[in-house]
Amino acid sequence: MMRTFIYMIGFGWGGLWVFDLNYNPYFVNGYHLNRITSIWIFAIAGLVYTLVENKIWRKGQMQNKQKAT
C-alpha cells in the first residue's frame, strides 16, 4: 500500500515536471491546458505500474515456491 502511494506521488510530481518542461505559458493559455490533468495522468500511470510490478513479484514468489517443492 505504501509503495502504491509513493509511486503515485512520484509519478504525479513527474507529470508536473514534464508539463512545465514541455509547455510554455503561451501554449498553456492558448489551448486551455490544465496542470492537474497531467498530474492525474501520471499518477494513474504510477498506479498501473505498481499493480503490474506487484503481479510480477507475486508470480515470481509462486514460481520460487514451486521450485522449492
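What you see as residue numbers is a count from 1 along each chain, following the sequence as written. Per-residue local features of the predicted model are confined to residues with pLDDT of at least 70, and side-chain atom pairs are confined, for both listing and counting, to 80 or more; whole-chain, interface and lining totals are unaffected and use all residues. Side-chain calculation: all heavy atoms of the structure are included, whereas hydrogens and water are not.

Engineer: Could you give an account of unusual backbone geometry, naming the residues involved and the relevant values?
Structural biologist: What you tend to see is this: most non-glycine residues have negative phi, and most peptide bonds are trans. At H32, a position not held by glycine, the phi torsion is positive, near 55 degrees. Position of H32 among the secondary structure elements: in the loop between α2 (25-31) and α3 (35-68). Each helix is a run of DSSP H or I of at least 4 residues and each strand a run of E of at least 2, with the numbering of both proceeding from the N terminus.

Engineer: Quick one: what's the story with α3, residue by residue and with numbers?
Structural biologist: By definition here, a helix of n residues has an expected span of 1.5 Å times n minus one. The terminal C-alpha atoms of α3, which comprises 34 residues, lie 50 Å apart, in line with the 50 Å expected from a rise of 1.5 Å per residue. Along α3, the positions that sit buried rather than exposed are S38, A43, G46 and T50. In what follows, a contact means two residues having at least one pair of non-hydrogen atoms within 4.5 Å. Summarising the contacts, the buried residues of α3 are in contact with α1 (2-22). Pairs of N or O atoms within 3.5 Å make up the polar contacts considered here, provided that, within protein, one atom can donate a hydrogen while the other can accept it, and that residues adjacent in sequence are counted only when both atoms are side-chain atoms. Where α3 begins, the side chain of N34 points an oxygen toward the backbone nitrogen of I36, at a separation of 3.2 Å. Between buried and exposed lies partly exposed: a residue is buried under 20% and exposed over 50% of the maximum accessible area for its type, with that area taken using a 1.4 Å probe on protein chains only.

Engineer: Talk me through α1; I want residue IDs and the actual numbers.
Structural biologist: One full turn of an α-helix is made of 3.6 residues, so residues set three or four places apart face in the same direction. An ideal rise of 1.5 Å per residue puts 30 Å on 21 residues; α1 measures up with 30 Å between its terminal C-alpha atoms. The set of residues buried in α1 consists of T4, G12, G14, G15 and F19. What you see down the axis of α1 is that its buried residues fit within an arc of 165 degrees, all on one side. More than 90 degrees from the buried face of α1, the exposed residues found are M2, I6, W13, W17 and L21. Where α1 is buried, its residues touch α2 and α3. Here the arc refers to the set of directions running from the helix axis out to each C-beta atom.

Engineer: Explain the packing of α1 against α3 to me, using residue names and the numbers behind them.
Structural biologist: Where α1 meets α3, the closest approach of the two axes is 7 Å, and the angle between their N-to-C directions is 140 degrees. Helix-helix and strand crossings are classified by hand; for α1 and α3 the assignment is right-handed. Counting all contacts with α1, which are made through R3, T4, Y7, M8, F11, G12, G14, G15, L16, V18, F19 and D20, the residues of α3 involved are R35, S38, I39, F42, A43, A45, G46, L47, Y49, T50 and E53. The classification used treats Ala, Val, Leu, Ile, Met, Phe, Trp, Tyr, Cys and Pro as nonpolar, Asp, Glu, Lys and Arg as charged, and all other residues, Gly among them, as polar. Its residues placed into classes, the contact of α1 with α3 shows 12 nonpolar, seven polar and four charged. For every element, the axis is a line fit to its C-alpha atoms; helices are fit only across the contacting stretch, and the angle between N-to-C directions ranges from 0 to 180 degrees. A crossing counts as left-handed when the near helix is turned anticlockwise from the far one by less than a right angle, and as right-handed when that turn is clockwise.

Engineer: Go over the pattern of salt bridges with me, naming the residues and quoting the values.
Structural biologist: Whenever Lys or Arg places a side-chain nitrogen within 4 Å of a carboxyl oxygen from Asp or Glu, that contact is recorded as a salt bridge. One pass over the full model with this rule turns up two salt bridges. Two residues, E53 and R3, come together in a salt bridge whose shortest N-O distance is 3.6 Å. Residue E53 is found in helix α3, and its partner R3 is found in helix α1; the two are separated by 50 residues along the sequence. Judged by relative accessible area, which is 24%, E53 ranks as partly exposed. Overall, R3 belongs to the partly exposed group, its relative accessible area being 49%. Two residues, D20 and R35, come together in a salt bridge whose shortest N-O distance is 2.9 Å. Of this pair, D20 sits in helix α1 while R35 is found in helix α3, placing the two residues 15 residues apart along the sequence. The exposure class of R35 is partly exposed, given its relative accessible area of 39%.

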